[in-house]
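Per-entry structural report
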Amino acid sequence: MSLKVAVVVGNPKPASRTRKIAELLLEKLLDPGTFEAQVIDLADYTTEIFAWPSETMGALNAAVAESDLAIFASPTYKATYTGLLKAFLDRYPANGLAGVTAIPLHTGADFTHAMGPTFTLSPLLVELGATVPGRGFYLALSQMERVDDVLDAAVAEYAGNIRRVASLAGALRADIPAS
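Anyway, here's the lowdown on the structure attached to this text. (Residues numbered from 1 in each chain as written. Predicted model: local features only at pLDDT ≥ 70, side-chain atom pairs only at ≥ 80, totals over all residues. Heavy atoms only, no water.)

On to the packing of helix H1 (residues 17-29) against helix H5 (residues 147-166). Contact pair H1 / H5: the axes reach a minimum separation of 9 Å and the direction vectors enclose 55 degrees. Put simply, H1 runs oblique to H5. Remark: the crossing between H1 and H5 carries right-handed chirality. Taken together, the residues of H5 that come into contact with H1 (itself represented by Ile-21, Leu-24, Leu-25, Lys-28 and Leu-29) are Val-147, Asp-148, Leu-151, Asp-152, Val-155, Tyr-158 and Ala-159. Classifying every residue of the contact of H1 with H5 by side-chain character gives nine nonpolar, no polar and three charged. (Axes fitted to C-alpha atoms, helices over the stretch in contact; angles between N-to-C directions. Helix = DSSP H or I, 4+ residues; strand = E, 2+ residues; numbered from the N terminus. Parallel < 35°, antiparallel > 145°, perpendicular 65-115°, else oblique. Left-handed = near helix turned anticlockwise from the far one by under 90°. Contact = heavy atoms within 4.5 Å. Nonpolar A, V, L, I, M, F, W, Y, C, P; charged D, E, K, R; others polar.)

Structure follows, in structure tokens:
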């Protein structure tokens, strides 16, 4: 069975460095051939993002909600994620991302806002019902020369957290209904 993965990029600039970092994180986290990934570069949908209703946006939101794993990536704007990403996430109802494991990711100029993905984006994803397997990932421009090392450390943390949670599954009481 192949995992469904979505990478949602909230950078207003198409094919951004933020998108590349999110794709690299995915490549390092999951074995090739075990997943099907869809990259949603929101810069490609700026004419649709505020259209209500929008079949295009509805289909994109549904694809993310049906994913096993989603990476939500944004450059840091004013100490948080972009309005473009917020507009996309605002289209979900309460618990609209239930069942999705979500990794919040920010890129930024320096470490001033390193807690941004953990402090701002992670709570929104949890509010929408997603499971966040650890701290949000932050990459400062000064880390670009050693991006592989930084990503490897984050991947090790996420993988360890996901494995620990998965190990509980066999011990769950049988009378607890699945959601």
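Still more ground to cover, so stick around.
Taking 1.5 Å per residue, 12 residues should reach 16 Å; helix H4 (residues 116-127) reaches 16 Å between its end C-alpha atoms and fits that length. Those residues of H4 that fall on the buried side of the exposure criterion are Gly-116, Pro-117, Thr-120, Leu-121, Ser-122, Leu-124 and Leu-125. The inward-facing, buried residues of H4 contact strand E3 (69-75), helix H3 (83-89), strand E4 (101-108) and strand E5 (137-140). (Expected span 1.5 Å × (residues − 1). Buried < 20%, exposed > 50% of the residue type's maximum accessible area, 1.4 Å probe, protein only.)

Each aromatic ring pair is specified by the distance between its two centres and by the angle formed by the two planes. Counting across every chain of the model gives two aromatic pairs. Aromatic side chains Phe-88 and Tyr-92 sit 5.9 Å apart centroid to centroid with 85 degrees between the ring planes, which places their arrangement in the edge-to-face category. On the accessibility criterion, Tyr-92 (9% relative accessible area) is buried. With centroids separated by 6.5 Å and ring planes inclined at 45 degrees, the aromatic side chains of Phe-111 and Tyr-138 adopt a geometry described as tilted. With Phe-111 in the loop between E4 and H4 and Tyr-138 in strand E5, the pair connects residues that are 27 residues apart, well separated along the chain. Given the relative accessible area of 45%, Phe-111 is considered partly exposed. (Phe/Tyr/Trp six-rings, centres within 6.5 Å; stacked < 30°, edge-to-face > 60°.)

Once that is clear, we can look at the sheet that holds strand E2 (residues 35-41). A sheet is described by the order of its strands in space; here five strands give the open sequence E2-E1-E3-E4-E5, paired in parallel fashion. Both edges of this open sheet fall to E2 and E5, since each of them pairs with a single strand only. Each strand of the sheet is rotated relative to its neighbour by a mean of 15 degrees, with strand direction disregarded. Two elements, E3 and E4, share seven bridges in a ladder whose sense is parallel. Bridged to Ala-73 within E4 is Leu-105. Relative to E3, H1 is tilted by about 150 degrees, and along the sheet it contacts strand E1 (3-9), E2, E3, E4 and E5. Against the sheet, H4 makes contact with E3, E4 and E5, and its axis sits at roughly 145 degrees relative to E4, the strand it touches most. (Pairing = 2+ DSSP bridges.)

Turning our attention to the nonpolar core. With 26 residues, the main nonpolar core has Leu-42, Val-64, Phe-72, Phe-88, Leu-89, Leu-97 and Leu-125 as its most contacted residues. Of all the elements in the fold, those that place two or more residues in this core are E1, helix H2 (55-65), E3, H3 and H4. Examining the composition of this core, we find that five residues originate from one element, H3, more than from any other. Non-local contacts of Leu-125, meaning those with residues more than four positions away in its chain, are made with Phe-72, Leu-89, Leu-97, Ala-102, Pro-104, Ala-130 and Val-132. The next biggest cluster of nonpolar side chains, apart from the first, holds 23 residues, and it includes Val-5, Leu-25, Phe-137 and Val-155. (Core = buried A, V, L, I, M, F, W, Y, C linked by side-chain atoms within 4.5 Å.)

Quick look at the side chain of Ser-67 now. Mapped onto the secondary structure, Ser-67 falls in the loop between H2 and E3. Within polar-contact distance, the side chain of Ser-67 engages the backbone oxygen of Ala-63 at 2.9 Å. Not counting chain neighbours up to four residues away, the residues in contact with Ser-67 comprise Lys-4, Val-5, Ala-6, Gly-99 and Val-100. (Polar contact = N/O pair within 3.5 Å; in protein donor to acceptor, adjacent residues only side chain to side chain.)

The next subject is the environment of Ile-21. Mapped onto the elements, Ile-21 comes out in helix H1. Judged by relative accessible area, Ile-21 falls into the buried class, the value being 1%. A sequence separation of 18 residues divides Ile-21 from Leu-3, and the C-alpha atoms of the two residues are 20 Å apart. Setting aside residues no more than four positions away along its own chain, Ile-21 makes contact with Leu-105, Thr-107, Phe-137, Leu-139, Met-144, Val-147 and Leu-151.

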